[in-house]
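As a plain string of letters, each chain reads:
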Amino acid sequence: MKLIAGLGNPGKKYERTRHNVGFMVVDELSFRHQTPWKKSKFNGMVSEINVGGEKMILVKPLTFMNASGECIRPLMDYYNIQIEDVLIVYDDLDLPVGKIRLRQKGSAGGHNGMKSIIQHVKTQEFNRIRVGVSRPLKGEVIHYVLGDFPKAEQPDIIAAIQKSADAIEDFAQTPFIEVMNKYN
């Protein structure tokens, strides 16, 4: 069994923002597999999919971005999921819009959701997909990541969401290192 967490902020206000691209990826997987979202007792929304016989628990923490680890760690414990079977999907300011990067470990890189997860799982060594949202040319980063993608960027971000979902489906049957080699 694998745990796939898309990071974001709950609520309509944040639904299509750059910071919610992780939610968008797991929503795509739930849509592809026609599985409903249910509220979990661990302050998150969960959906279960099956890819080639491998069960994957999709999760969208409802804790807000900065406390994502408060949802992820209890779910790992409840389902007895080992860290190598966890994959986190989140936005990255240091990648161009639409570019994805898969990694098996790394620092939080200034991302507060990742800081929270690292703090709660007590390691930086877990699988991740970073989805590029670029940096603002000017202005505050917080307003930028909490803003929607402009129309001109939508084709690129839709392609990145699709590609990320494809990579996650491959992860069901393939070691993550091979998935990295295929999608990076």
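Residues numbered from 1 in each chain as written. Predicted model: local features only at pLDDT ≥ 70, side-chain atom pairs only at ≥ 80, totals over all residues. Heavy atoms only, no water.

Q: Explanation requested: helix α1 (residues 21-32) in the structure shown.
A: One turn of an α-helix holds 3.6 residues; hence residues three or four places apart share an orientation. When the terminal C-alpha atoms of α1 are compared, their 17 Å separation across twelve residues agrees well with the 16 Å that a helix rising 1.5 Å per residue should span. Of all twelve residues making up α1, nine are buried, and the element is well covered by its neighbours. Of all the residues in α1, the buried ones are V21, G22, F23, M24, V25, V26, E28, L29 and S30. Looking at the residues trailing α1, positive phi occurs at Q34, about 50 degrees. (Helix = DSSP H or I, 4+ residues; strand = E, 2+ residues; numbered from the N terminus. Expected span 1.5 Å × (residues − 1). Buried < 20%, exposed > 50% of the residue type's maximum accessible area, 1.4 Å probe, protein only.)

Q: Could you clarify how one ought to interpret the sheet that holds strand β7 (residues 127-132) in this entry?
A: Two orientations exist for strands paired in a sheet by backbone hydrogen bonds: parallel and antiparallel. Here seven strands make up an open sheet; going across it, the order is β2-β3-β4-β1-β5-β7-β6 and the pairing mixed. In this open sheet, the two edge strands, each paired with only one partner strand, are β2 (38-39) and β6 (100-103). By the bridge criterion, eight bridges tie strand β3 (residues 44-51) to strand β4 (residues 54-61) in an arrangement that is antiparallel. The residue of β4 that forms the bridge with V51 is E54. Across the face of the sheet, helix α2 (residues 69-79) comes into contact with β1 (2-6), β3, β4 and β5 (86-92) while running at roughly 155 degrees to β4. (Pairing = 2+ DSSP bridges. Contact = heavy atoms within 4.5 Å. Axes fitted to C-alpha atoms, helices over the stretch in contact; angles between N-to-C directions.)

Q: Explanation requested: the UniProt feature "active site" in the protein chain in the structure shown.
A: Feature annotation in UniProt places "active site" on H19, given in this structure's numbering. Its place among the elements puts H19 in the loop between β1 and α1. The residues contacting H19, other than those within four sequence positions of it, are L7, G8, N9, M65, D91, H111, V145 and L146. (UniProt positions renumbered as here; feature names shortened; annotations may be inferred.)

Q: What is the right way to look at the environment of L7 in this model?
A: Within the secondary structure, L7 is located in the loop between β1 and α1. For L7, a relative accessible area of 0% translates into the label buried. Sequence spacing of L7 and P155 is 148 residues, and the spatial spacing of their C-alpha atoms is 21 Å.

Q: Any chance you could explain the side chain of T63 here in plain terms?
A: Within the secondary structure, T63 is located in the loop between β4 and α2. Overall, T63 belongs to the buried group, its relative accessible area being 13%. A polar side-chain atom of T63 sits 3.0 Å from the main-chain carbonyl oxygen of A67. Of the polar contacts made by the side chain of T63, one reaches the backbone nitrogen of S68; its length is 3.5 Å. (Polar contact = N/O pair within 3.5 Å; in protein donor to acceptor, adjacent residues only side chain to side chain.)

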